[in-house]
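Here is how the chains run, residue by residue.
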Amino acid sequence: MSTDPASASDDVAGAAYREAHAASEGDEMAQQMTDSVDAEERAREQAMGEVSDVLTNLDYALERARKALERIRKSGAHPNAEAATKDLVDALQAERKRFVQQTYFSVPNKTRMF
């Protein structure tokens, strides 16, 4: 290394350039990671929006089936319709519970076993 003042300033400038360049590369990598996380978060939010829409429809169908069962029971006219509607209410309740547990309360990235 030279003791020449001009050479020393070149070394300092070179070191500053390398440091700034390394920082900008780190910033780019950090930005790419942030973009990746943002994209994952957007995808997750979109998926959960879809789940919410499905649950809304399930809740509506379940409420409608309960009202139908109540009206069928009051009329007493058709025991098979009552039994089928009761089975439907039970099945909708079970499927809604399963869907909620597998979407909202599941362990992420865990393989489901059937």
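Everything that follows concerns the structure shown earlier in this document.
Here the structure is a predicted model, which is why all the values come from computation and not from measurement. (Residues numbered from 1 in each chain as written. Predicted model: local features only at pLDDT ≥ 70, side-chain atom pairs only at ≥ 80, totals over all residues. Heavy atoms only, no water.)

Turning our eyes to something else, we now look at the nonpolar core. As a rule of thumb, soluble globular proteins bury nonpolar side chains together. With 11 residues, the main nonpolar core is built from M48, V51, L55, L58, L62, A65, L69, V89, L92, F99 and V100. The element best represented in this core is helix α1 (residues 5–75), accounting for seven residues. Residues contacting V89, with those up to four places away along its chain left out, are L62, A65, R66 and L69. (Core = buried A, V, L, I, M, F, W, Y, C linked by side-chain atoms within 4.5 Å. Buried < 20%, exposed > 50% of the residue type's maximum accessible area, 1.4 Å probe, protein only. Helix = DSSP H or I, 4+ residues; strand = E, 2+ residues; numbered from the N terminus. Contact = heavy atoms within 4.5 Å.)

Relative to the assigned elements, K86 resides in helix α2 (residues 79–103). Classification of K86 as partly exposed rests on a relative accessible area of 33%. Excluding residues that lie within four positions of it along the chain, K86 makes contacts with L69 and R73. Of note is the side chain of K86, whose polar atom sits 3.0 Å from the side chain of D90. (Polar contact = N/O pair within 3.5 Å; in protein donor to acceptor, adjacent residues only side chain to side chain.)

A separate point is α2. Across its 25 residues, α2 extends 36 Å between first and last C-alpha, which sits within 8% of the 36 Å expected from 1.5 Å per residue. Buried within α2 are the following residues: T85, V89, L92, F99 and V100. (Expected span 1.5 Å × (residues − 1).)

Another point: the pattern of salt bridges. Should the charged atoms of two oppositely charged side chains come close, the side chains can pair. Counted by the stated rule, this structure contains five salt bridges. Linking E45 and R44 is a salt bridge whose minimum nitrogen-to-oxygen distance equals 4.0 Å. For E45, a relative accessible area of 44% gives the class partly exposed. Overall, the relative accessible area of 49% leaves R44 in the partly exposed class. Where E95 meets R98, a salt bridge forms, and the shortest distance between an N and an O atom there is 2.8 Å. With E95 and R98 both in helix α2 and three residues apart, this pair spans about one turn of that helix. (Salt bridge = Lys/Arg side-chain N within 4 Å of Asp/Glu carboxyl O.)

A cluster of acidic residues, D35, D38, E40 and E41, forms a negative patch at the surface. With respect to the helices, strands and loops of the structure, D38 is situated in helix α1. Residue D38 is classed as partly exposed on the basis of its relative accessible area of 34%. (Patch = residues over 30% accessible without salt bridge, like charges linked within 9 Å, V, L, I, M, F, W, Y side chains within 5 Å. Areas by Shrake-Rupley, 256 points an atom, 1.4 Å probe, with all protein chains shown as cover. Lys, Arg positive; Asp, Glu negative; His and termini not counted. Charge placed at Lys NZ, Arg CZ, Asp CG, Glu CD.)

With that out of the way, let us pick up a positive patch on the surface. Taken together, the side chains of R64, K67, R71 and K74 present a region of like positive charge at the surface. Here K67 lies in helix α1. Taking relative accessible area as the criterion, K67 reaches 41% and is therefore assigned partly exposed.

Glancing now at the side chain of T85. Positionally, T85 belongs in helix α2. Here T85 falls in the buried class, since its relative accessible area comes to 12%. Polar contacts involving the side chain of T85 include one to the main-chain carbonyl oxygen of A81, which spans 2.7 Å. Those residues within four positions of T85 in sequence are excluded, and the remaining contacts are A65, A68, L69 and I72.

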